[in-house]
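Structural overview for review
Take a look at the letters that make up each chain.
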Amino acid sequence: MKTRYPLHQICMSMGTQTKLLMKNIAYNCLALAIGLTVFSACSSSESADTKTQKKSVSKPAVKLGMVSSAKVGQHVQLPGEFMAFQEVSIYPKADGFVEKVLVDRGSNVRKGQVLMVLEAPETEEQLVAARSNYLKAKAMLVASHEHYKRLKASAGIRGSVSALDLESANAKMMADSAAAMGEQANFNALTKIKSYLTVRAPFDGVITERNVHPGALVGSGVRLQGPMLMLQQQNRLRLVVDVPETYSVGLKQGKQVSFTVNAMPGEQFKGKVSRRSGNMNQKFRSETIEIDVANAKGGIKPGMFAEVVFTPEGTQGALTVPAEAVVTSTEGQYVIKVNQGKAQFVEVRKGMQSDEMTEVFGALRDGDQIIVNPRNDMKDGAQVAMN
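Throughout this document, residue positions are counted from 1 along each chain, in the order its sequence is written. Where local features are concerned, this predicted model is filtered to residues with pLDDT of at least 70; where side-chain atom pairs are given and counted, the filter is 80 or more; whole-chain, interface and lining totals use all residues. Side-chain measures were taken over the full set of non-hydrogen atoms in the model, leaving aside hydrogen atoms and water.

**Description of the overall build of the protein chain**
For clarity, the threshold we go by: To qualify as a helix, a DSSP run of H or I must reach at least 4 residues; to qualify as a strand, a run of E must reach at least 2; elements of each kind are numbered from the N terminus. Any residue under 20% of the maximum accessible area for its type is buried, any over 50% is exposed, and the rest in between are partly exposed; the area is computed with a 1.4 Å probe on protein chains only. Should any heavy atoms of two residues lie within 4.5 Å, those residues are counted as being in contact. Using a 1.4 Å probe, accessible areas were evaluated by the Shrake-Rupley method; residue-level cover was limited to the displayed protein chains.
Assigned secondary structure in the protein chain consists of four helices and 21 strands. Taking all 387 residues of the protein chain together, the buried fraction comes to 32%. Restricting the contact set of the protein chain to residue pairs at least 6 apart, pairs at least 24 apart contribute 75%. Total accessible area computed for the protein chain in this model is approximately 25100 Å², and 54% of it derives from carbon and sulfur atoms.

**As for the pairing of strand S6 (residues 114–119)**
Spelled out, the test is: Note on pairing: DSSP must find at least two bridges between two strands before they are called paired.
Where strand S4 (residues 96–101) and S6 come together, four bridges link them in antiparallel fashion. Among the inter-strand pairings, Lys 100 is bridged to a residue of S6, identified as Val 117. When S6 meets strand S7 (residues 198–200), the two strands line up antiparallel, connected through three bridges. Residue pairing across strands places Met 116 opposite Val 199, the latter belonging to S7.

**Remarks on the pattern of salt bridges**
Between side chains of opposite charge, pairing is possible as soon as their charged atoms come close. Heads up, the rule is: Each salt bridge in this description consists of a side-chain nitrogen of Lys or Arg and a carboxyl oxygen of Asp or Glu lying within 4 Å of one another.
Within the structure shown, the criterion is met by eleven salt bridges. We note a salt bridge from Glu 124 to Lys 194, for which the minimum N-O separation is 3.4 Å. Of this pair, Glu 124 sits in helix H2 (residues 121–154) while Lys 194 sits in helix H3 (residues 163–196); the two residues are 70 residues apart in sequence, bridging distant segments of the chain. Residue Glu 124 is classed as partly exposed on the basis of its relative accessible area, which comes to 34%. Overall, Lys 194 belongs to the partly exposed group, its relative accessible area being 34%. Residue Glu 245 is joined to Arg 285 by a salt bridge in which the shortest nitrogen-to-oxygen separation is 3.7 Å.

**Section: the confidence of the model for the protein chain**
Note the threshold: The predictor attaches a confidence to each residue, called pLDDT, with possible values from 0 through 100.
On average, residues of the protein chain carry a pLDDT of 82, and 82% of them reach 70 or more. Every residue in residues 7–11 scores below 50 in pLDDT, and together they form one contact with partners more than four places removed in sequence or on other chains. The low-confidence segment residues 50–58 (pLDDT under 50) makes two contacts with residues lying over four places distant or belonging to another chain.

**What about the nonpolar core?**
Filter applied, for reference: As used here, the term nonpolar core means buried Ala, Val, Leu, Ile, Met, Phe, Trp, Tyr and Cys residues forming a set that is joined through side-chain atoms within 4.5 Å.
Grouped together as the largest cluster of nonpolar side chains are 23 residues, with contacts concentrated most on Phe 82, Leu 239, Val 243, Phe 259, Val 308 and Phe 310. Contributing elements (two or more residues each) for this core: strand S3 (76–90), strand S10 (229–244), strand S11 (256–261), strand S12 (269–276), strand S13 (286–294) and strand S14 (305–310). Counting residues per element, this core draws most heavily on S10, at four residues. In this structure Val 308 touches Val 76, Gln 77, Leu 78, Leu 239, Val 241, Val 257, Ser 258, Phe 259 and Ile 291, once residues within four positions along its chain are discounted. Judged by nonpolar contacts, the second largest core, of 20 residues, contains Leu 197, Val 199, Phe 203 and Ile 207.

**Concerning unusual backbone geometry**
Here Arg 285, not a glycine, exhibits a phi torsion of approximately 55°, which is positive. Along the chain, Arg 285 turns up in the loop between S12 and S13. Among the residues examined, Arg 285 registers a relative accessible area of 35% and is labelled partly exposed.

**Quick word on the environment of Val 346**
Of note, Val 346 is situated in strand S18 (residues 342–353). Separated by 20 residues in sequence, Val 346 and Val 326 have C-alpha atoms that sit 9.9 Å apart. Ignoring any residue separated from it by four or fewer positions in sequence, one finds Val 346 in contact with Gln 333, Tyr 334, Val 335, Lys 337, Ala 363 and Leu 364.

**Thoughts on the pairing of S18**
The side chains of a regular strand alternate between both faces of the sheet. Pairing analysis gives six bridges linking strand S17 (residues 332–339) to S18, with the strands arranged antiparallel. Residue Tyr 334 lies in a different strand from S18, and its bridge partner there is Glu 347. From the end of S17 to the start of S18, which pair antiparallel, there are two residues, and Gln 340 there has a positive phi angle of about 55°. The sheet contact formed by S18 and strand S19 (residues 357–362) spans four bridges and is antiparallel. Considered in S19, the bridge of Lys 350 is made with Val 360.

**Considering H2**
Stated precisely, the cut-off is as follows: A helix is expected to reach a length of 1.5 Å times the quantity of its residues less one.
Along its 34 residues, H2 runs 50 Å from first to last C-alpha, staying within 8% of the 50 Å computed at 1.5 Å per residue. Buried residues in H2 make contact with H3.

What follows is the structure in structure tokens.
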């Protein structure tokens, strides 16, 4: 059974649906317009960002600096050790027994002062025998010399002395002279050995070690635990410093240095480089230098440590750039030079360095412009834009 609606109801229903349809179409068009506007704005923004990014890549903003020939001016601090200016271990020169020890550890001695006295009775007897033999040989030489003179004087009378007798007398005199010289040498040698029994100080200094006492047997064939005495010159010291090869080139002899002693805080000392070894230690790649230090009061002891501060001279032929301008990569070390507005990579080798500056060696000249703040993504040949 069909339901019938009045005509005016049907018309009203169709009008309502038409209005709803038109309304939906209007909403859809408005949404589409908004979407297109947003898309256009996003596309424009992306395009602007892309252009800006391309522009920044092609022309990075950088800070420029200059290559100069100024010195780095670095202060280098290195550890050092004080050593006695002279030091000697005193061993016996002759066999014997210790008779007297006239010094002890800490004794201040003067050059030539008697330190020890040894005794060797057999040496005394050998010396007496050698002296006797020398006097005997000397007497025989005098006799043979007189005999030769008389024969030579008599040879003036024809037939009184034969030539053979004269030659024999001369040969006897020469033999006695050689024998006398041999006995004299033996006597002098034994006299020297006897003098070794008295041990004297070779220079002014302080006895720092004593290892023997009276009655001890000493000599070249006797095994000792150490030297009889140890003598050090302490009124003048050597401050020994090992300087790395990076700084040794710029450290000249006579260079002024300052140092502090760890055991004497608050005190500042000055000195000059007195000596250089002239070679590099193969193990530590360093050169040993010495600084002479006056120590008349004896306040500094050998074996103390010090901190030495010096300013090495600039390396010959080196140029100076800011430390941050040197780029280190897997390919090597380089700085970026600005050449006609473009980045040019220049390989360099570092020299001496400080906190702010460093020495470089490469294809650079004094006054060249370089990039102080290089970027990792910067390419060789790229356009350079300055801040």
